[in-house]
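Listed below are the residues making up each chain.
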Amino acid sequence: AQSVTQLDSHVSVSEGTPVLLRCNYSSSYSPSLFWYVQHPNKGLQLLLKYTSAATLVKGINGFEAEFKKSETSFHLTKPSAHMSDAAEYFCVVSEENSGNTPLVFGKGTRLSVIA
Amino acid sequence: DSGVTQTPKHLITATGQRVTLRCSPRSGDLSVYWYQQSLDQGLQFLIQYYNGEERAKGNILERFSAQQFPDLHSELNLSSLELGDSALYFCASSVGTGGYGYTFGSGTRLTVV
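Model, not experiment: these values are computed from the prediction.

Below, the discussion takes up the state of the cysteines. Under the criterion given, the structure shown has 2 disulfides over all chains. Here A:Cys23 pairs with A:Cys91 through a disulfide, and the sulfurs are 2.0 Å apart. The sign of the -65 degrees torsion about the S-S bond sets the A:Cys23-A:Cys91 disulfide as left-handed. You can see A:Cys23 sitting in strand β4 (residues 23-26) and its partner A:Cys91 sitting in strand β10 (residues 87-94), a full 68 residues away along the chain. Side by side, A:Cys23 and A:Cys91 carry an identical accessibility label, which is buried. The partner cysteine of B:Cys23 in its disulfide is B:Cys91, sulfur to sulfur 1.8 Å. A torsion of -50 degrees about the S-S bond marks the disulfide between B:Cys23 and B:Cys91 as left-handed. With B:Cys23 in strand β3 (residues 19-24) and B:Cys91 in strand β9 (residues 87-94), this pair connects stretches of sequence that are 68 residues apart. A single burial state applies to B:Cys23 and to B:Cys91, both of which are buried.

What follows concerns the environment of B:Arg18. All names here are of chain B. Relative to the elements of secondary structure, Arg-18 occurs in the loop between β2 (10-13) and β3. Spatially, the C-alpha atoms of Arg-18 and Ser-38 are 19 Å apart, while their sequence positions differ by 20 residues. If we skip the residues at most four places from it in the chain, Arg-18 touches Asn-77, Leu-78 and Ser-79.

Definitions and limits used
Residues numbered from 1 in each chain as written. Chains lettered and ligands numbered in written order. Predicted model: local features only at pLDDT ≥ 70, side-chain atom pairs only at ≥ 80, totals over all residues. Heavy atoms only, no water. Disulfide = S-S within 2.5 Å. Helix = DSSP H or I, 4+ residues; strand = E, 2+ residues; numbered from the N terminus. Buried < 20%, exposed > 50% of the residue type's maximum accessible area, 1.4 Å probe, protein only. Contact = heavy atoms within 4.5 Å.

Below, the structure is given as C-alpha cells:
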C-alpha cells in the first residue's frame with residue numbers, strides 16, 4: 001500500500017527566505033503525487049501535482065516540487081516565503097489507477113512565517 | 001469558491017444522535033470522495049462514489065454510510081454518534097477516477113457533545 005512521510009511536523013522560516021518542506025513516499029506502482037495547502041479554517045487547495053510527466057513541477061504561488069524516484073522524495077520548495085504562505089501543507093500520493101485507495105495524505109507540515 | 005459545496009458548515013449534536021452531511025460536486029465531476037480530518041488521525045479516506053456506485057472504501061466505521069444520488073450529489077450519514085466522531089469532514093470531487101487530483105469543499109465541522 002502507498003504511504004507518505006512528511007519529515008517535519010513544523011517548519012518556521014523568516015519572510016523572504018527559502019522554504020523547504022520534505023516528503024518521502026512509498027508506492028508499489030507509478031504514483032501520482034500532490035501537495036495540498038490548508039489555511040486556517042479553510043478547505044484544501046491543490047498546490048501542484050506530479051503525474052509522470054516532467055519531474056520538476058511548478059505550482060501556484062511560486063511553489064515547485066521535484067520528483068526524485070531514486071530517493072522516493074517529492075520535496076516542496078519556494079525561493080522566498082511570504083506571510084500569506086503560513087498554513088498546513090500536505091503531501092499526498094495516489095495509486096488510484098492501480099485500483100488502490102484514493103488519495104493518501106501525509107500528517108502535514110505546519111509552516112510558520114516570521115516577519 | 002472551489003465549486004464543491006458542502007452543507008452544513010457547522011453541526012453540533014449530542015452523543016447517540018444521527019446526522020447527514022451533504023456534498024454537491026463540481027459541475028461535470030462524477031466521483032465524490034469523503035474524508036475525515038481529526039487532530040489525532042489526520043486526514044483519513046472514508047469512501048468514494050463514482051457515478052452513483054461505491055468505488056472504494058477506506059477507514060469508514062459501520063455506523064457511517066454514504067450514497068451518491070442520480071444528480072451526483074452525495075450524503076454521508078453518521079449514526080450513534082460518539083465524542084470521538086467530532087472532526088472536520090471533507091468532500092472532494094474529480095472528473096473520473098484517475099489520480100489527477102481532486103477539488104475539495106470547505107468541509108463540515110461536526111462537534112459531538
